[in-house]
Amino acid sequence: MENASKPLLRALSGEAVWPPPFWLMRQAGRYLPEYRELRAQAGDFIRLCTNPALAAEVTLQPLRRYGMDGAILFSDILMLPWAMGQPLRYAEGEGPLLEPIRDAGGLAKLDPHGASARLAPIYETVSRVRAGLGQEAPKAALIGFAGSPFTVACYMVEGRGGGEFAHARRMAYADPALFGKLIRLLVDATTEYLLAQAEAGAEALMLFDSWAGLLSPSQFRRWSVEPSAAIVRNIRKVRPDIPLIGFPRLAGPLLPEYAQRTGVSTVAMDTAMDPRWAAAAVPAEVALQGNLDPQAVVAGGAAMEAEARSILAAMRGRPFVFNLGHGIVPPTPPEHVAALARVIRTG
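Remember, predicted model here, so these are calculated numbers, not experimental data. (Residues numbered from 1 in each chain as written. Predicted model: local features only at pLDDT ≥ 70, side-chain atom pairs only at ≥ 80, totals over all residues. Heavy atoms only, no water.)

Draft legend 1. Region of the structure containing the overall build of the protein. Helix and strand counts for the protein come out as 16 helices and 9 strands. Here the C-alpha atoms of the protein give a radius of gyration of 19 Å, agreeing with the 20 Å that 2.2 N^0.38 yields for 347 residues. The dimensions of the protein, computed from C-alpha atoms along their principal axes, are 55 × 45 × 40 Å. Across the 347 residues that make up the protein, the buried fraction comes to 59%. Taking the intrachain contacts of the protein between residues at least 6 apart in sequence as the baseline, contacts between residues at least 24 apart amount to 72%. Accessible surface for the protein amounts to roughly 13,600 Å². Of this, 52% is attributable to carbon and sulfur atoms. Distance between charge centroids for the protein: 1 Å, based on 35 positive and 33 negative side chains. (Helix = DSSP H or I, 4+ residues; strand = E, 2+ residues; numbered from the N terminus. Rg over C-alpha atoms; globule rule 2.2 N^0.38 Å. Buried < 20%, exposed > 50% of the residue type's maximum accessible area, 1.4 Å probe, protein only. Contact = heavy atoms within 4.5 Å. Areas by Shrake-Rupley, 256 points an atom, 1.4 Å probe, with all protein chains shown as cover. Lys, Arg positive; Asp, Glu negative; His and termini not counted. Charge placed at Lys NZ, Arg CZ, Asp CG, Glu CD.)

Okay, here's the thing in structure tokens:
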């Protein structure tokens, strides 16, 4: 059985593998000089995400350097609204800029049925990466991903990143019918998107709810937990055995509830989460993933090693995947990532 030879899939399925498998959020990206070369060659971020040859190469780059146990598809959570027809561009120094959806008219412009054709290059990337792993890193697993509906809706309503997404959160309170319609559309589109990635070769799937921590507890349950649980149920009807990772960033004490109610097989911890508390609070059959501070990797040295070893000590004996508490940042020296890999491999 293929899963038996892949440490990441074993851990995501509830086995306490030691030393733990590892991969890093945003491991393919701007901290690597080889990525910057390809990014310049593509000329535009959306072109890079939708060029299967380049996107597959970017996905595989960190595995060649560091031998991670997981390759995560190089793409972006906003490819889904882009594919549904929401205008999107990436401005240097500003991040993503979208045409904001603030009313029913804006929502009506979206075309979820036309998304599949625009996403076809991303599915081809998944197939290329899976083939590449078979040749270059047969024990590494391929992770597909999408943004959770609330986080994607934040960008779609706000029209940009940054800040606290006041327009989106206000809409959720003031017009829950409209916001709920957007969320339901995203639940269906995200389900289809993730299942297509699995069909193309993804061996595990991850939902990023990067802005879940902006919500009050009642809103968190309504707009983060319930939509994520619906996606998990939908996927499990078709692919009951595929591991699912949920990342409700800054969920705090609601993390165990998220893990139980969504039905994910693994829950990712953010930087602020105490791993010892999480190890005790999250059901033992649910794997944990995380949660080294990305700035510790920028600093490197003894401080990084001490932080990493503290997390390892807290996780020993339970299903666990070593990762960061948020994405790796551009100033990270590549040699610090290599040093971190050595620490993890020694357990």
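Draft legend 2. Representation of the UniProt feature "site: Transition state stabilizer" (unreviewed entry) in the protein in the model. Per the UniProt annotation, the sites labelled "site: Transition state stabilizer" (unreviewed entry) are Asp76. Here Asp76 shows up in the loop between strand 1 (70-72) and helix 5 (79-83). What makes Asp76 buried here is its relative accessible area of 19%. In this structure Asp76 touches Phe45, Cys49, Tyr90 and Phe145, once residues within four positions along its chain are discounted. In terms of polar contacts, Asp76 uses its side chain to reach the backbone amide nitrogen of Leu78, at 2.9 Å. (UniProt positions renumbered as here; feature names shortened; annotations may be inferred. Polar contact = N/O pair within 3.5 Å; in protein donor to acceptor, adjacent residues only side chain to side chain.)

Draft legend 3. Broad picture of the UniProt feature "domain: Uroporphyrinogen decarboxylase (URO-D)" (unreviewed entry) in the protein. In the numbering adopted here, UniProt assigns the feature "domain: Uroporphyrinogen decarboxylase (URO-D)" (unreviewed entry) to residues 143-159. Strand forms 29% of residues 143-159 and helix 59%; the C-alpha atoms that close the span are 28 Å apart.

Draft legend 4. The arrangement of helix 7 (residues 115-136) in detail. Given a rise of 1.5 Å per residue, 22 residues ought to cover 32 Å, and the 32 Å separating the end C-alpha atoms of helix 7 matches this to within 8%. If you look at helix 7, its biggest bend is around 40 degrees, right at Pro121. Of all the positions in helix 7, only Ala115, Leu119, Ile122, Tyr123, Thr125, Val126, Val129, Gly132 and Leu133 are classed as buried. Packing partners of the buried residues in helix 7 comprise helix 3 (45-49), helix 4 (52-66), strand 1, helix 5, strand 4 (141-147) and helix 10 (176-200). (Expected span 1.5 Å × (residues − 1). Bend = angle between axes of the 7 residues up to and from the residue.)

Draft legend 5. Just the nonpolar core, in detail. Counting 133 residues, the largest nonpolar core has Met206 and Phe322 as the members making the most contacts within it. Looking at this core, the element that brings in the most residues is helix 10, giving 13 residues. Beyond its immediate sequence surroundings of up to four residues, Phe322 is in contact with Pro20, Pro21, Phe22, Trp23, Gly290, Leu292, Ala308, Ile311, Leu312, Leu340 and Ile344. (Core = buried A, V, L, I, M, F, W, Y, C linked by side-chain atoms within 4.5 Å.)

Draft legend 6. Just the packing of helix 8 (residues 149-158) against helix 10, in detail. Relative to each other, helix 8 and helix 10 sit at 120 degrees, their axes nearing to 9 Å. Between helix 8 and helix 10, the angle is such that the two are oblique. Where helix 8 crosses over helix 10, the two elements pack in a sense that is right-handed. Here helix 8 contributes Pro149, Phe150, Val152, Ala153, Met156 and Val157 to the contact with helix 10, which in turn contributes Phe179, Leu182, Ile183, Leu186 and Val187. Looking at the contact of helix 8 with helix 10 residue by residue, the class counts come to 11 nonpolar, no polar and no charged. (Axes fitted to C-alpha atoms, helices over the stretch in contact; angles between N-to-C directions. Parallel < 35°, antiparallel > 145°, perpendicular 65-115°, else oblique. Left-handed = near helix turned anticlockwise from the far one by under 90°. Nonpolar A, V, L, I, M, F, W, Y, C, P; charged D, E, K, R; others polar.)

Draft legend 7. Just unusual backbone geometry, in detail. Each neighbour pair has its own omega, and for Trp18 with Pro19 the value is -10 degrees, a cis peptide bond. By the element assignment, Pro19 lies in the loop between helix 1 (7-12) and helix 2 (33-42). Along the chain, Gly290 connects to Asn291 via a cis peptide bond; the corresponding omega equals -20 degrees. Its location among the elements puts Asn291 in strand 8 (residues 287-292). The backbone of Arg26 sits at a positive phi, close to 60 degrees, despite the residue not being glycine. Structurally, Arg26 can be placed in the loop between helix 1 and helix 2. For Phe165, which is not a glycine, the phi torsion comes out positive at approximately 50 degrees. Relative to the assigned elements, Phe165 resides in the loop between helix 8 and helix 9 (166-174). Residue Phe165 is classed as buried on the basis of its relative accessible area, which comes to 1%.

Draft legend 8. Representation of the side chain of Thr125 within the structure. As for its position among the elements, Thr125 is in helix 7. With residues near it in sequence (within four places) discarded, Thr125 still touches Asn51, Pro52, Ala55, Ala56 and Leu73.

Draft legend 9. Molecular detail of the environment of Ile143. Within the secondary structure layout, Ile143 lies in strand 4. Sequence-wise, Ile143 and Phe74 are 69 residues apart; in three dimensions their C-alpha atoms are separated by 9.8 Å. Not counting the four nearest positions on each side in its chain, Ile143 is found in contact with Leu8, Trp23, Ala71, Ile72, Leu73, Ala204 and Met206.

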